[in-house]
Amino acid sequence: MRAVIAGTGSAVGKTTISTGIMRALSDEYNVQPFKAGPDYIDPTYHGLATGNISRNLDSFFMSDGQIREGFERGMKISGANFGIIEGVRGLYEGISSLGNVGSTASIAKALNAPVILILNSRSLVKSAAAIVIGFKTLDPSIKVEGVILNHIKNRNHYLKAKEAVEKLSDTPVIGGIPRNAEIKVEERHLGLVPAIERENILQSIEKWGVVMSENVDLDALISIMRDADKLSKGREPLWHEGNRKKVKIGVAMDEVFTFYYKENIESLEANRAKIIPFSPLNDEKLPDLDGVYIGGGYPEIFADGLESNESMRKSVLKFHEEGNPIYAECGGLMYLSKSINGTGMCEVFNYPSRMTKNVQALSYVISEAQKDNIILKKGELFRGHEFHYSKVDVGMEKPKFAFKILRGKGIVGKEDGLMDKNTVASYVHTHVAACPQFGLNFTNSAYSHDNI
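Residues numbered from 1 in each chain as written. Predicted model: local features only at pLDDT ≥ 70, side-chain atom pairs only at ≥ 80, totals over all residues. Heavy atoms only, no water.

Enquirer: Just to check I follow, could you spell out helix H9 (residues 262-270) for this structure?
Expert: Along an α-helix, a turn takes 3.6 residues, which lines up residues three or four apart on a common side. Considered for burial, the residues of H9 that qualify are Glu263, Asn264, Ile265, Glu266, Ser267 and Leu268. Phi turns positive one or two residues past the end of H9, at Arg272, with a value near 70°. (Buried < 20%, exposed > 50% of the residue type's maximum accessible area, 1.4 Å probe, protein only. Helix = DSSP H or I, 4+ residues; strand = E, 2+ residues; numbered from the N terminus.)

Enquirer: Hey, could you run me through the side chain of Thr430 in this one?
Expert: You can see Thr430 is positioned in strand S25 (residues 429-430). Judged by its relative accessible area of 0%, Thr430 falls in the buried class.

Enquirer: Can you walk me through the pairing of strand S4 (residues 82-90) in this structure?
Expert: On a regular strand, each side chain points to the face opposite its neighbour's, so the side chains alternate between the two faces of the sheet. In terms of burial, S4 is a largely internal element, eight of the nine residues being buried. As defined by bridge partners, strand S1 (residues 2-7) adjoins S4 across five bridges and the pair is classed as parallel. Residue Arg2 lies in a different strand from S4, and its bridge partner there is Gly83. By the bridge criterion, five bridges tie strand S2 (residues 31-36) to S4 in an arrangement that is parallel. Directly across from Lys35, in S4, lies its bridge partner Glu86. (Pairing = 2+ DSSP bridges.)

Enquirer: What is the right way to read the sheet that holds strand S16 (residues 339-340) from this model?
Expert: As a general point, the strands of a sheet are linked pairwise by backbone hydrogen bonds and lie either parallel or antiparallel. The strand order S17-S16-S18-S21 describes an open sheet built from four strands, whose pairing is mixed. Only two strands of the sheet have a single neighbouring strand rather than two, namely strand S17 (343-344) and strand S21 (390-392). Sheet analysis places strand S18 (residues 352-355) next to S21, joined by three bridges and oriented antiparallel. In the sheet register, Met355 faces S21, and the bridge partner there is Ser390.

Enquirer: Just checking my understanding: could you explain the pattern of salt bridges for this structure?
Expert: A side chain with one charge may pair with a side chain of the opposite charge, provided their charged atoms come close. Under the definition given, this model contains 16 salt bridges. Of the charged contacts in the structure, one is a salt bridge between Glu166 and Lys162, with a shortest N-O distance of 2.8 Å. Residue Glu166 and its partner Lys162 are both found in helix H6 (residues 155-169); the two are separated by four residues, about one turn of the helix. Under the relative-accessibility criterion, Lys162 is labelled partly exposed at 22%. Two residues, Arg354 and Asp393, come together in a salt bridge whose shortest N-O distance is 2.9 Å. Taken together, the residues Arg354 in strand S18 and Asp393 in the loop between S21 and strand S22 (401-407) connect sequence positions 39 residues apart. Judged by relative accessible area, Arg354 falls into the partly exposed class, the value being 33%. (Salt bridge = Lys/Arg side-chain N within 4 Å of Asp/Glu carboxyl O.)

Enquirer: Explain the nonpolar core here, please?
Expert: Proteins that are soluble and globular tend to have nonpolar side chains buried together. Core analysis: the largest hydrophobic core is formed by 109 residues, its most contacted members being Ile249, Tyr293, Tyr335 and Leu336. It is helix H4 (residues 104-111) that provides the largest number of residues to this core, a total of five residues. Beyond its immediate sequence surroundings of up to four residues, Ile249 is in contact with Leu268, Ala273, Lys274, Ile275, Ile276, Leu289, Gly291, Tyr293, Phe442 and Ala446. Counting residues in hydrophobic clusters, the runner-up holds 35 residues, among them Ile21, Tyr40, Ile148 and Met225. (Core = buried A, V, L, I, M, F, W, Y, C linked by side-chain atoms within 4.5 Å. Contact = heavy atoms within 4.5 Å.)

Enquirer: Just to check I follow, could you spell out the environment of Ala446 for this structure?
Expert: Mapped onto the elements, Ala446 comes out in helix H13 (residues 438-448). Among the residues examined, Ala446 registers a relative accessible area of 0% and is labelled buried. Remark: the alpha-carbon pair of Ala446 and Val115, spanning 331 residues in sequence, is separated by 43 Å. In contact with Ala446, not counting residues within four places along its chain, are Val247, Ile249, Asp290, Gly291 and Pro325.

Enquirer: Help me out: how do you make sense of the pairing of strand S15 (residues 326-329) in this one?
Expert: Burial along S15 is two-sided: Ile326 and Ala328 and Tyr327 and Glu329, pointing in opposite directions, are all buried. Pairing of strand S13 (residues 291-294) with S15, which is carried by three bridges, proceeds in the parallel orientation. Residue Val292 lies in a different strand from S15, and its bridge partner there is Ile326. In terms of strand pairing, S15 meets strand S24 (residues 423-426) through four bridges, oriented parallel. Following the sheet pairing, Glu329 is matched in S24 by Ser426.

So, in structure tokens, the structure goes:
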């Protein structure tokens, strides 16, 4: 019982409508949310709407078998009645102009899931039907089984557009959302503001839920989800297992560092890691640990607080100097640098980082390990993504890098993954499905503490 909520393009209201629907249904049902594509922020809204952790499904990271495995696994863990997948960009947008990889359509096909298409219908009536016809005929294997019209002017506009779409495209219109400033979402340079930073976000989500309850035929949506065909056969594991030695992995989790894929954490746990959350912003020092994982986030916003917590910065540096493994991504890389915009950080790597006005990298990434390191062996490939408005200035030096970037940008000169002792810090965000060795190798490194 599932559906993909897709858009005809970006900025048509996918997140507010999807989250609002999740919230509305969660009054009566257990809803498991998913997000298509590499995204840390939209899932925070899903989680607050449903009470379940939202999981990412991505055909650049995952095979069809892994997509089905990830979906079924998420549904089983939450025990949900329905699975709702929020799409990314337009339904057919992927990494190439003709292929499906990285698209919402690829997720719908892998899951054999019906699609609800969101259309910005501002000033459109008959043309709305033409758009729906185009989306349905481009790939007839995609099952567009419902339409939601967004930015409706009034009831008369809705009824005319609904008639045009239903009669000309033979597709039911299950909702019409009025133009309403209350369902807009604040944005910042990496997209939507993370829900954890919005004290009133729950009130906003409640409003979105009310709007969807009043303007979407939820019974029709439930019927579409219940009529979904069975999942195709073929499952593939998301990660490798094999470590049987208990280790303690500290994961930086606070208002600064929030960007983690749940499956990455679960892959560590599957390899006998006990996860111990800590706060670089608020805790005095690291707890007793065998390894540290620092994900992405917004350290530039909290730079003064991070600098003020000198005892934690010294604790992280000492942990590194003793040869313990640290793996850091993007915001974690910046925290381990010398400084952020001149504000002092951990100095694990003696290179300053700084924010820039323009985006420095926005891409799916393919990387190859140049050297054995705490998550990969030399020659192994993994896929990830990069999205940041910062730079690490290495100057004329030639640092030791863990990865060669085959697709993407990296830190400098198509290289990424600053290395020193058993620390690796990279701009690449990793999803374990595309780096299945991650949990196994990192826990093995945490147990052995051998310098590489």
